[in-house]
Amino acid sequence: MAHTDSPIVTRFAPSPTGNLHVGGARTALFAWAIAQRAKNSGAGGRFVLRIEDTDLKRSSEEASRGILEDLAWLGLSWDDGPEFESGGVRIGGDERGVGPFYQAQRKHLYDAFVQRLVDADLAYPAFDTPEELDAMRAEAQAAKKTFVYRRPEGYDRDAMLERAAAEEHVVRFKLPPEAVTVRDEVLGDVTVPYEELDDFIIRKRDGMPTYHFAVVVDDELMGVTDVVRGQEHLNNTPRHAALIRALRHEDGREFRMPRFAHLPVIANPDNSKMSKRDRDKAARAKCREVGVEALVQIHGRVGVGEGDFHAWLEDKTRQLPGEPLERLAAAVGVDLPEVAVDDFRRSGYLPEVLLNYLALLGWNSGEKDEEGKNIERFDLGWFVERFELSRVGKGSSKFDRAKLLSFNAETLQQMDPERFRELWRAWLERYEPEVLATLGDRFELGAVAAQPRAKTFKDAKEPVAFALVNDEQIVFDEKAVQKVLLKGDPNGAAVLGDLLGVLRSLEDWSPDAIHAAAEGFAKERGLGMGKVAQPLRVAITGNTVSPGLGETLALVGKDATIRRIERAVEHAQNAAV
RNA sequence: GGCCCCAUCGUCUAGCCUGGUCCAGGACGCCACCCUUUCAAGGUGGAGACACGGGUUCGAAUCCCGUUGGGGUCACCA
């Protein structure tokens, strides 16, 4: 454990172009954990949240808000950053006076640094049109070389500066002619030769800084000591390092080189990069399967114009907005793969479980329990105590939904029943209020039956689905009817008939009492419990699968139980002829 | 294609830095059996990996080189 006295500052810097996806969430988790650990050690640590909205066209306030909310839901709160209120707790603020935290509001800061670079002849205006640049790239491509932009030899600086005063232009950084080596905490040293680096743009035509410039300036101004980000940024880091060496504060102070850590990519099981498009892909595939006729009926309910809908169907690169996509998926009956944090929330995953799983993607404590097994289940506190970059793996990893699901199921099933009830209720209130309404005062009974079988909050209702429909809506599975109600001697239908009397006279309609009554009946008749329980299950649920017998009957209520049994007996008689 | 990065069961990984204790351990998934009124849960067991080829060494999953494979990146996006 390092006892550095200087505080550690990490940051998470998403661009608000969409929801927070799991890769971003893991990056945020690791960066957060480093700051948190430093805080706990007494050295001091801060976690900064900065919104990188320099792309005016693609950024949206809605996306920013969504990301804030996702982070807050996960419990990754930031010390410096946009103010946000979550469950009565305030997150963010600008205690250190390093804000604002939206880059679009920091333009004047970037401008000053750009100007200083230009004054020092370390940056220069350039006037090439996009078409010209495309042509240059094409040429390089044809020559099988990396395209690098360089300030021409005979560049007339004064003339160009004058021209820049009147004409729209970009500003490019004059890259020092040397290879750049960057130390990376997870990958080691990475060297990129000068020939691969070019005079990249630091200020765009619209006056906004490019990503490269804004990150470097902001990380310095916000005192960031550890830059943790995805490996897709690795190739950018030498550029940033060169910039950091060139940049000076107004008083001449140099910029400090932060520690860098590039996290391996998280991929799909098929090795493709996890992307929001995966959801469209899944929906599109299902639509094809369903067929055109069915789709004609469906698309009206989705809330997308017919033209747009068909364009989406044909064009693999198109995406449908979130809500319509959800509706479409529900209509055609597919489960969309979750890729964003909010998708997992909607699907009924616990934030602490998602975080636990994400922590394991690329990191491992290396610790074993008493039985010599890897420790894989832990809470945030445990994680923060041992997280370190040196134990982050270098290889990319695939997102294994089955394992996440198993973690979630285990947590849900072992949770204190009261907590399960509260959380499930809250989830239903938010996403499926109609289920809550249908359950009414049977909610607690339902929760007892659902919890041991729940994998997510979303599917928790499945084991008690029979209690959510009317008696007449129960569809009898014919195989079950044959096997359980019609075969054997006495057959199930006959047992049910006898059972009716017992149940009718039962006053106490609690799970225990029901169970005792059924057991007493079985014993009295010399029947195995299966001979009693299975016919009842078929009668109540239409199938042979349900929660405990007492719970099942209690859940539907006495009257409904009797009606369903009568209906089943009748059905069996008809089926027999 | 250029450059950069990576490589242990199907998947996530422990082990690698500090070669021998590894005919490679765990988790998820899969299979079988047990428990059992069904399901779920639980219990027990099983199949399942050091990408390949060269070195170095008495000895290599561990060190070196190459091959192959995978990924990332080549924007006035971030």
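Rules used throughout
Residues numbered from 1 in each chain as written. Chains lettered and ligands numbered in written order. Predicted model: local features only at pLDDT ≥ 70, side-chain atom pairs only at ≥ 80, totals over all residues. Heavy atoms only, no water. Core = buried A, V, L, I, M, F, W, Y, C linked by side-chain atoms within 4.5 Å. Buried < 20%, exposed > 50% of the residue type's maximum accessible area, 1.4 Å probe, protein only. Helix = DSSP H or I, 4+ residues; strand = E, 2+ residues; numbered from the N terminus. Contact = heavy atoms within 4.5 Å. Phe/Tyr/Trp six-rings, centres within 6.5 Å; stacked < 30°, edge-to-face > 60°. Lys NZ or Arg CZ within 6 Å of the ring centre and 35° of its normal. Domains from an automatic or database assignment. Buried area = accessible area lost by both parts, 1.4 Å probe. Polar contact = N/O pair within 3.5 Å; in protein donor to acceptor, adjacent residues only side chain to side chain. Nonpolar A, V, L, I, M, F, W, Y, C, P; charged D, E, K, R; others polar. Near = heavy atom within 4 Å.

Peer 1: Residues and numbers for the nonpolar core, please.
Peer 2: Counting residues in hydrophobic clusters, the biggest one holds 74 residues, and the most contacted among them are F399 and W424. For this core, the leading source of residues is helix α1 (residues 22–41), giving eleven residues. Dropping the residues within four chain positions of it, F399 is found in contact with V22, I266, A267, P269, M274, F344, Y357, L358, L361 and L404. Counting residues in each nonpolar core, the second largest holds 41 residues, with L496, I514, V532 and A568 among its members.

Peer 1: Tell me what's going on with the packing of aromatic side chains, and back it up with residues and numbers.
Peer 2: The full count for this structure, using the stated rule, is 20 aromatic pairs. Ring centres of W363 and F383 lie 5.1 Å apart, and the angle between their planes is 85°; this geometry places the pair in the edge-to-face category. With W363 in the loop between α13 (351–360) and α14 (380–386) and F383 in helix α14, the pair connects residues that are 20 residues apart, well separated along the chain. Chaining the aromatic ring pairs together yields one cluster made of F30, W363, F378, W382, F383 and F387. The ring of F113 carries the charged tip of R116 above its face, separated from the ring centre by 4.9 Å. Sitting over the face of the ring of Y194, R150 holds its NZ or CZ atom 3.9 Å from the ring centroid.

Peer 1: Any details on the domain arrangement of chain A? Residues and values, ideally.
Peer 2: Bring the parts together and some accessible area is lost; that lost area is often taken as the interface size. Entries for chain A in the domain assignment read domain 1 (106–263), domain 2 (281–405), domain 3 (415–468) and domain 4 (471–576). The junction of domain 1 with domain 2 conceals about 460 Å² of combined surface from both sides, 69% of it contributed by carbon and sulfur atoms. Considering only the surface of domain 1 that becomes buried against domain 2, E185, V186 and L187 emerge as the three largest contributors, covering 63% of it. Summed over the shared surface of domain 1 and domain 2, the result is zero residue pairs in polar contact (both at pLDDT 80 or more). When its residues are assigned to classes, the side of domain 1 that touches domain 2 shows four nonpolar, one polar and one charged.

Peer 1: Pulling in residues and values, what's your account of the protein's contact with RNA strand B?
Peer 2: By nearness alone, 62 residues border RNA strand B, and T54, K204, R205, E376 and R453 come closest of all. If you look at RNA strand B and keep only atoms within 4 Å of the protein, 70% of those are sugar or phosphate atoms. In this structure, a phosphate oxygen belonging to RNA strand B sits 3.0 Å away from a side-chain N or O atom of K373. Measuring from a base nitrogen of RNA strand B, one finds a side-chain N or O atom of K403 at 3.0 Å. Of all the secondary-structure elements, those providing two or more residues to the surface near RNA strand B are α4 (130–142), β8 (188–192), α6 (211–221), β13 (397–398), α15 (401–414) and α22 (529–541). Of the residues in the surface near RNA strand B, the class split is 16 nonpolar, 25 polar and 21 charged.

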